[in-house]
Structure formats: C-alpha cells, structure tokens
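These are the residues of each chain, in order.
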Amino acid sequence: DVNSHGIKSPMKPITTASILAGGMSRRMGFNKAFIKVGGQSIIERSLKTLRSVFEEVNIIADDIALYGNLGAVVWPDAVKKAGSLGGLYTALLHCTGDRVFVTACDMPAVEAASVKRTVELFTDGDAAVPFIGGRFHPMHAVYAKSCVKPIEEMIRAGNLRINSLLDRIKVQKLTEDAYNGLAIAASVTNINTKEDLSKAGIEI
C-alpha cells in the first residue's frame, strides 16, 4: 500500500502463528512434540512463546484428539500426507490476516525476540525466511497468502519439498546480521534424532 505521499505504508500486523505438528517422527520413533524440556513439552513451550507475540496461535495436525487439550484450535491438514508443505498450506488457508508465522513442533528453543524480528523484517515479497548456518530455515518463517497458488501447483505435481517452494517465490533472506544479539541459531534448531537431543542437552 502506498499513501498519497508515495511512501509505502507498513503492513498490517501479523496476528496468526501456526505450529505444524503433523510429522511422523520416523527417525525418532516417537512423537517429538511431547518431549519435555524444563518440565514442559516442546509444543507447550512453543505455544507459550508464540502467544507472547501473536493474538492467535493454532496447531496444524490430523490427530485433533492428541493436541486438543492444549487450549489451541487444531486444524486438520487440508491435503493429507503432504508433509510440512501441506501443513504450511493449511496454515495459510486458516490465518486471519494475509500472512502467517509458521514453526514446527520439534523446535525446543523458539525465542520470542527472534520470532518478532522475523515478523518485523518481512517488508516485501512472499516470505521472510532465516538463513542461518549456511541454510534456510523454512519452519521459522513468515509466509504470505500469495504462496497458496504455488503450493497448490507443487502438491498437484507431487513435489512436497518445502525448499522447492523457496525457489518459486520471492523470499526475503534473513541472515545472522539481521538477528544481531538474539539467540537465532537456537531458535531455528529442530530435533530429528536422539543425537540431536543430546546435543541440545535434553534427556528423555
């Protein structure tokens, strides 16, 4: 939006965050969302953190009963067995505004300040994605509803790689410098294996 002075007005605040909790946890062998960190499950901790930033936090998961007692709305996948790309698609369909912040249920150290910075830095394009440690972190990112069409095309074509989406859309690449002084490296870290757990200092 450009006002009468030709100055781009700021985007409306993002009101919705979604936690994607549909993964099979094949490498771990059990549901990672309920791993306890400091007496709280990862997903409970993420809900609390995201609620300090957003008005509305929902969970995207097919097993509604499993997550139904966490006090958040649970949306089932709009497209079954489409992985995190399908989860992102569902999150975009249900977000209140024109953008949504998306994270995953296996990220034990999501930090409110890093999340806020990601949101604040999104000024242009289809997504704002942290590029930390030499790679993109699409599960700690903001996506606009303009991503819906390319995601639909990818799902139809059977390409469920979320990194392929980043090649098709206009991405704001947020490097370490953008998060100066914040715990972004920890915030974007997810747990896939038992080795990852021990690296993060989590005992199960």
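Before reading further, recall that the structure is shown in the block above.
Summarised in this report is the structure supplied together with it. These numbers were taken from a predicted model, which means no experiment stands behind them. (Residues numbered from 1 in each chain as written. Predicted model: local features only at pLDDT ≥ 70, side-chain atom pairs only at ≥ 80, totals over all residues. Heavy atoms only, no water.)

Some points on the overall build of the protein
Line of reasoning, step 1. In terms of helices and strands, the protein carries eight helices and ten strands.
Line of reasoning, step 2. Taken across its 204 residues, the protein has 45% of its residues classed as buried.
Line of reasoning, step 3. When contacts within the protein are restricted to residue pairs at least 6 apart in sequence, those whose partners lie at least 24 apart make up 69%. (Helix = DSSP H or I, 4+ residues; strand = E, 2+ residues; numbered from the N terminus. Buried < 20%, exposed > 50% of the residue type's maximum accessible area, 1.4 Å probe, protein only. Contact = heavy atoms within 4.5 Å.)

Let's talk about the packing of aromatic side chains
Line of reasoning, step 1. A full pass over the atoms with the stated rule returns two aromatic pairs.
Line of reasoning, step 2. Measuring from centroid to centroid gives 5.7 Å for F54 and F101, while their planes differ by 25 degrees, and the two rings are stacked. Taken as a pair, F54 in the loop between α1 (42–51) and β4 (56–60) and F101 in strand β6 (residues 99–104) lie far apart in primary sequence, 47 residues in all. As far as burial versus exposure is concerned, F54 and F101 are alike and both buried.
Line of reasoning, step 3. Plain terms: the ring middles of F131 and F136 are 5.0 Å apart, the flat faces sit at 75 degrees to each other, and that makes the pair edge-to-face.
Line of reasoning, step 4. The exposure class assigned to F136 is partly exposed, which follows from its relative accessible area of 25%.
Line of reasoning, step 5. Note that K173 overlies the ring of F131, its terminal NZ or CZ placed 4.1 Å from the centroid. (Phe/Tyr/Trp six-rings, centres within 6.5 Å; stacked < 30°, edge-to-face > 60°. Lys NZ or Arg CZ within 6 Å of the ring centre and 35° of its normal.)

What about the pairing of strand β10 (residues 171–174)?
Line of reasoning, step 1. With burial as the criterion, only one face of β10 is covered, namely that bearing Q172 and L174; the residues V171 and K173 on the opposite face remain uncovered.
Line of reasoning, step 2. Here strand β7 (residues 127–132) pairs with β10 via four bridges, running parallel. Its bridge partner lying in β10, A127 is registered against V171. (Pairing = 2+ DSSP bridges.)

A closer look at the nonpolar core
Line of reasoning, step 1. Counting 57 residues, the largest nonpolar core has I43, F54, I59, Y67, Y143 and I151 as the members making the most contacts within it.
Line of reasoning, step 2. Residue contributions to this core peak at five residues, all from helix α3 (residues 83–94).
Line of reasoning, step 3. Beyond its immediate stretch of four places on either side in the chain, I151 contacts L85, L88, Y89, L92 and L165. (Core = buried A, V, L, I, M, F, W, Y, C linked by side-chain atoms within 4.5 Å.)

Digging into the side chain of S46
Line of reasoning, step 1. Relative to the helices and strands, S46 is located in helix α1.
Line of reasoning, step 2. S46 sits in the buried class, given a relative accessible area of 1%.
Line of reasoning, step 3. In this structure, S46 is in contact with I19, M107 and V110, ignoring residues within four places of it in sequence.

Quick word on the pattern of salt bridges
Line of reasoning, step 1. Tallied over the full model, the rule gives four salt bridges.
Line of reasoning, step 2. In this structure, K149 engages E153 in a salt bridge whose closest nitrogen and oxygen atoms are separated by 3.8 Å. Placement of the pair is K149 and E153 together in helix α5 (residues 148–157), with a separation of four residues, close to one helical turn. (Salt bridge = Lys/Arg side-chain N within 4 Å of Asp/Glu carboxyl O.)

Quick notes on the packing of α3 against α5
To describe two helices that pack against each other, one gives the angle between their axes and the distance between the axes.
Line of reasoning, step 1. For the pair α3 and α5, the least separation of the axes is 10 Å and the interaxial angle reads 145 degrees. Crossing of α3 over α5 shows left-handed handedness. Facing L85, G86, L88, Y89 and L92 of α3, the residues of α5 in contact are V148, I151, E152, M154 and I155.
Line of reasoning, step 2. Of the residues that constitute the contact of α3 with α5, the class distribution is eight nonpolar, one polar and one charged. (Axes fitted to C-alpha atoms, helices over the stretch in contact; angles between N-to-C directions. Left-handed = near helix turned anticlockwise from the far one by under 90°. Nonpolar A, V, L, I, M, F, W, Y, C, P; charged D, E, K, R; others polar.)

Considerations on α5
Line of reasoning, step 1. Buried residues of α5: V148, P150, I151, M154 and I155, and no others. Around the axis of α5, the buried residues are gathered within 165 degrees of arc, so they sit on the same side. When the buried face of α5 is taken as reference, the exposed residues oriented beyond 90 degrees from it are K149, R156 and A157. (Arc of directions from axis to C-beta.)

Description of helix α4 (residues 112–121)
Note that an α-helix has 3.6 residues per turn; residues three or four places apart therefore point the same way.
Line of reasoning, step 1. Every buried residue of α4 is listed here: S114, V115, T118 and V119. Take α4 and look down its axis: the buried residues cluster within an arc of 140 degrees, on one side only.
Line of reasoning, step 2. In this structure, the buried residues of α4 make contact with α1, β6, β7, β9 (140–144), β10 and α7 (184–187).

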